[in-house]
Amino acid sequence: MIEIATSSTTTTLVVAGDLDLAEREQFPEVTARVVGLRRQLLVIDMCRVTFMDSTGAAFLISLADAGRRRGGATVLRGAADRDLFVLEICGALELFRIDPDHRCELDAGAQADSPAGAPAPA
């Protein structure tokens with residue numbers, strides 16, 4: 001699932017679930033909507049991404065490239081190491097700004113429920 005939210009300067013794309021070949025049918029429509037909004041900053045929230053393959057990476061790359069051609073920037077928020085690895089293998093990690101300070105709500109909730117320093121129970 002992909003949701004789009006906007007402010008006067010930012011478009012935020014919230015991705016949940018898999019970002020892969022099986023989801024590719026929705027990518028052109030989402031890309032057209034995001035590009036059509038013409039915001040300078042695109043934030044892609046990946047906190048709830050469960051899996052991303054090269055098809056999903058190509059989608060993110062196309063969004064970042066479109067923004068860069070207009071002089072904008074694309075920020076990845078909450079991207080897992082595995083997702084960053086896929087983008088790195090594709091040779092496209094430099095297209096993105098990585099938000100190192102973001103803490104996903106899911107992580108914060110799990111940490112609040114567990115003893116200090118202990119992993120949350122599965």
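To be clear, the structure that these remarks concern was listed above.
This text gives an overview of the structure that appears in the document.

Basis of the calculations
- Residues numbered from 1 in each chain as written.
- Predicted model: local features only at pLDDT ≥ 70, side-chain atom pairs only at ≥ 80, totals over all residues.
- Heavy atoms only, no water.
- Helix = DSSP H or I, 4+ residues; strand = E, 2+ residues; numbered from the N terminus.
- Buried < 20%, exposed > 50% of the residue type's maximum accessible area, 1.4 Å probe, protein only.
- Contact = heavy atoms within 4.5 Å.
- Areas by Shrake-Rupley, 256 points an atom, 1.4 Å probe, with all protein chains shown as cover.
- Arc of directions from axis to C-beta.
- Core = buried A, V, L, I, M, F, W, Y, C linked by side-chain atoms within 4.5 Å.
- Pairing = 2+ DSSP bridges.
- Right-handed = clockwise from strand over helix to strand, strands pointing away.
- Axes fitted to C-alpha atoms, helices over the stretch in contact; angles between N-to-C directions.

A few points about the overall build of the protein chain
Helices and strands together make up the secondary structure of the protein chain, namely four helices and five strands. Secondary structure of the protein chain in N-to-C order comes out as β-β-α-β-α-β-α-β-α. Relative to its full complement of 122 residues, the protein chain shows a buried share of 36%. Of all intrachain contacts in the protein chain linking residues separated by at least 6 positions in sequence, the fraction that spans at least 24 positions is 73%. Approximately 7,200 Å² of the protein chain is accessible, and the part contributed by carbon and sulfur atoms is 53%.

What about helix α3 (residues 81–89)?
Considered for burial, the residues of α3 that qualify are Asp83, Leu84, Val86 and Leu87. Along α3, the residues classed as buried sweep out an arc of 155° about the axis, all on the same side. Turned more than 90 degrees away from the buried face of α3 sit Asp81, Glu88 and Ile89, all of them exposed. Those residues of α3 that are buried are in contact with β3 (41–52), α2 (54–69), β4 (73–77) and β5 (97–99). Count one or two residues on from α3 and you reach Gly91, which has phi positive near 75°.

Concerning the nonpolar core
Within the largest apolar cluster, 25 residues are counted, with the highest numbers of intra-cluster contacts made by Leu13, Ile44, Met52 and Phe59. Looking at this core, the elements with two or more residues in it are β2 (10–19), α1 (27–37), β3, α2 and α3. The contact partners of Ile44, leaving out residues within four places of it in the chain, are Leu13, Val15, Leu60, Leu63, Thr74, Val75, Leu76 and Arg77.

Side note on the pairing of β2
The pairing of strand β1 (residues 2–6) with β2 spans five bridges and is antiparallel. Each residue of the ladder has a partner; that of Thr6, found in β2, is Thr11. The hairpin formed by β1 and β2 contains three residues between the paired strands. As judged from the nine bridges shared by β2 and β3, these two strands associate in the parallel manner. Residue Thr10 lies in a different strand from β3, and its bridge partner there is Leu41. Once the chain exits β2 it traverses α1 before rejoining the sheet at β3, and the crossover so formed is right-handed.

Side note on the environment of Arg38
Of note, Arg38 is situated in the loop between α1 and β3. Under the relative-accessibility criterion, Arg38 is labelled exposed at 57%. When the C-alpha atoms of Arg38 and Ala66 are compared, they prove to be 9.7 Å apart, with 28 residues separating the residues in sequence.

Examining the sheet that holds β2
Taken together, the five strands give an open sheet; going across it, the order is β1-β2-β3-β4-β5, and neighbouring strands pair in mixed fashion. Every interior strand has two partners, whereas the edge strands, β1 and β5, have only one. The average angle at which neighbouring strand axes cross in this sheet is 20°, direction not considered. Two strands pair when backbone bridges link them, and β3 and β4 are joined in this way by five bridges, in the parallel orientation.

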